[in-house]
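Observations on the model geometry
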Amino acid sequence: MLQMVRKTSTGRRLLLILLIAPNLRSVILAVPTVLPQVRADLHLTFAEAGALTSLPVLCLGLAAVPGALFTNRYGARLVIGLTSIGLGVGGILRLLPPPLLGLFTGTLLLSVCIAMCQPAASSLIRGWFPGSVQRASVLYTLALNLGGVAGATVTVFLVAVWGWRGTFVLWALPALLAGLAWIVLAPKDDDTTGDPPRVRTLLREPGVWRAAGLFASQSLIYFTATTWLPFLLQSRGRGMVALALALMGLSVMAAGMGLALWGRPYASRPAFYVVAGLLSAGGALGLAAGPQDWAWVCAATLGLGSGLGFTGSMALPPTLAAPSAVAGYSALMLTAGYALAFVGPYAGGLLADATGSVRAPFALLVVSAAAMVALGLSLSRARS
């Protein structure tokens, strides 16, 4: 009987995590799909359009450490509930006038909430699932990716009915409702373990910076690709845009599902990131120079590579850090990683403006994939 109760409690906690996780990506990744319409309606430059997706990435990094500090002080349960509600509110605020101010202010709020939620989620995974951390982390990242796939693909069809403003509301409401449900249903037991180490102590850990570099590489690849694929393929119609984004997102999910079924250690293995980097580079080269008829194949290949990198790097904090250090380790990894990755969509916009070609941003992805390979190889020296 006791074992059955524990299984029920574990299942309930996992469902709660999976309820929150998709919203941490859907609200952000629904934007690139409608970005051409937003740009045309609000008369944005390519650089301004790129900034609209770069801003969330930057905030995801800058607000991660405050998220860890709040988690250590007030507990992961409260932080996750409040930030999820704030995410929904920020999604709706993007529609307030004046248009540009409301758009960027709401984006700023929802991005900060997501950033503060992620270290809390990593801490809670370590605390709630001590015997199956890697598997719980994989399921959490799968839920994140599911939200990203839904936001990037379903929005293509929603915008035809509701317009881009309507899609902002439709993706904000689930986050708001999930946050309210979390506050009511999440267990109120203690979710922290021990005294957390100081940030200065974690800053001296080489593993934190390797994790940050790996996380930055895959983040730049994914966010830059999702920003500029709609521009690259818009002449082929919404169907091709939806197909490419769907296959890229589904490939990210397939990477996580495969790792969940595999069950072996992978997060700290050098070869794992070398394979991820090579797949990402191949897909990026195809998008930068290949025929558009094969863009869906390149997008799927790129998604598989970045998905492996994302799942591996997200598993590093709860797998390698001490229980009391998970939030801080995760926050520093996210801060450094997103701070480096945010330049991708914006720099891609500058390249597009300078060259007049929307293929130019994909050259950045090749460079980032090469960095992932180099960082993966550096893990062998760290392990020796």
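What you see as residue numbers is a count from 1 along each chain, following the sequence as written. The model is predicted, so local features are restricted to residues of pLDDT at least 70 and side-chain atom pairs to those at 80 or more, both for listing and for counting; the totals for chains, interfaces and linings are taken over all residues. Heavy atoms throughout the structure, all of them, feed into the side-chain values; hydrogens and water do not.

**Brief notes about the overall build of the protein**
Applied cut-off: Every helix listed is a DSSP run of H or I at least four residues long, and every strand listed is a run of E at least two residues long, numbered separately from the N terminus. A 1.4 Å probe rolled over the protein chains alone gives each residue an accessible area, and that area as a share of the maximum for its type sets the label: buried under 20%, exposed over 50%, partly exposed in between. Any two residues whose heavy atoms approach within 4.5 Å are treated as being in contact. All accessible areas in this document rest on Shrake-Rupley with a 1.4 Å probe, and a residue is counted as covered only by the protein chains that are shown. The convention is simple: Lys and Arg are positive, Asp and Glu are negative, and His and the chain ends are not counted. In this description, the location of a charge corresponds to atom NZ of lysine, CZ of arginine, CG of aspartate or CD of glutamate.
Broken down by element type, the protein carries 16 helices and 0 strands. Overall, the C-alpha framework of the protein stretches about 60 × 50 × 40 Å when taken along its three principal axes. The 384 residues of the protein split such that 56% are buried. Counting contacts in the protein only where the partners sit at least 6 residues apart, residues at least 24 apart contribute 84% of the total. Summed over its atoms, the accessible surface of the protein is roughly 15200 Å², and 70% of this surface lies on carbon and sulfur atoms. Treating the 24 positive side-chain charges of the protein as one cloud and the 9 negative ones as another, the clouds have centres 8 Å apart.

**Comments concerning the pattern of salt bridges**
Counted only if it meets this: For this document, the term salt bridge refers to a Lys or Arg side-chain nitrogen within 4 Å of an Asp or Glu carboxyl oxygen.
One pass over the structure, following the stated rule, counts 1 salt bridge. D41 is the salt-bridge partner of R165, the closest N and O atoms lying 3.0 Å from each other. Here the residue R165 occupies a position in helix α8 (residues 133–185), and D41 occupies one in helix α3 (residues 31–42), the gap between them amounting to 124 residues. Take R165: its relative accessible area is 40%, and that puts it in the partly exposed class.

**Quick look at the nonpolar core**
Defined as follows: Definition used in this section: a nonpolar core is a set of buried Ala, Val, Leu, Ile, Met, Phe, Trp, Tyr and Cys residues joined via side-chain atoms within 4.5 Å.
Counting residues in each nonpolar core, the largest one holds 113 residues, and the members touching the most others are Y140, W182 and L229. A per-element tally of this core places α8 first, with 15 residues. Discounting residues that sit within four places of it in the chain, Y140 has contacts with I17, L18, A21, L24, Q118, A121, I125 and M314.

**Here we look at unusual backbone geometry**
The step from P97 to P98 runs through a cis peptide bond, and the omega angle for that step is -10 degrees. With respect to the element layout, P98 can be found in the loop between α6 (76–93) and α7 (99–128).

**Describing the environment of M372**
Relative to the elements of secondary structure, M372 occurs in helix α16 (residues 362–383). C-alpha of M372 to C-alpha of S280: the two residues are 92 residues apart in sequence and 9.2 Å apart in space. Residue contacts for M372: discarding those within four places in its chain leaves L214, S217, Q218, I221, Y273, A276, G277 and S280.

**A closer look at the packing of aromatic side chains**
So the rule is basically this: Between 30 and 60 degrees the pair is tilted, below 30 it is stacked and above 60 it is edge-to-face, where a pair is any two Phe, Tyr or Trp rings, Trp via its six-membered ring, whose centres lie within 6.5 Å. Remark: a charge is flagged as sitting over a ring if the NZ atom of Lys or the CZ atom of Arg is within 6 Å of the ring centre and within 35 degrees of the ring normal.
Tallied over the full model, the rule gives 9 aromatic pairs. Between F215 and F310, the ring centres sit 6.3 Å apart and the planes meet at 40 degrees, which makes this aromatic pair tilted. Here the residue F215 occupies a position in helix α10 (residues 206–233), and F310 occupies one in helix α13 (residues 295–320), the gap between them amounting to 95 residues. We classify F310 as buried; its relative accessible area is 6%. When the centroid spacing of 4.9 Å and the interplanar angle of 40 degrees are considered together, the rings of W228 and F231 count as tilted. Of this pair, W228 and F231 both sit in helix α10, separated by 3 residues, roughly a single helical turn. Note on F231: relative accessible area 5%, which makes it buried. Through pairs of rings, three or more aromatic residues link up here, namely W128, F129 and W182. Here the guanidinium or amino end of R94 rests over the ring plane of F168, the centre of that ring lying 3.9 Å away.

**Considering helix α12 (residues 270–289)**
Because each turn of an α-helix spans 3.6 residues, side chains separated by three or four positions end up pointing in the same direction. Our working rule: Given the number of residues in a helix, its expected span is that number minus one, multiplied by 1.5 Å.
Between its terminal C-alpha atoms α12 stretches 29 Å, which fits the 28 Å expected from 20 residues at 1.5 Å a residue. Along α12, the positions that sit buried rather than exposed are P270, F272, Y273, V274, A276, G277, S280, A281, G283, A284, G286 and L287.

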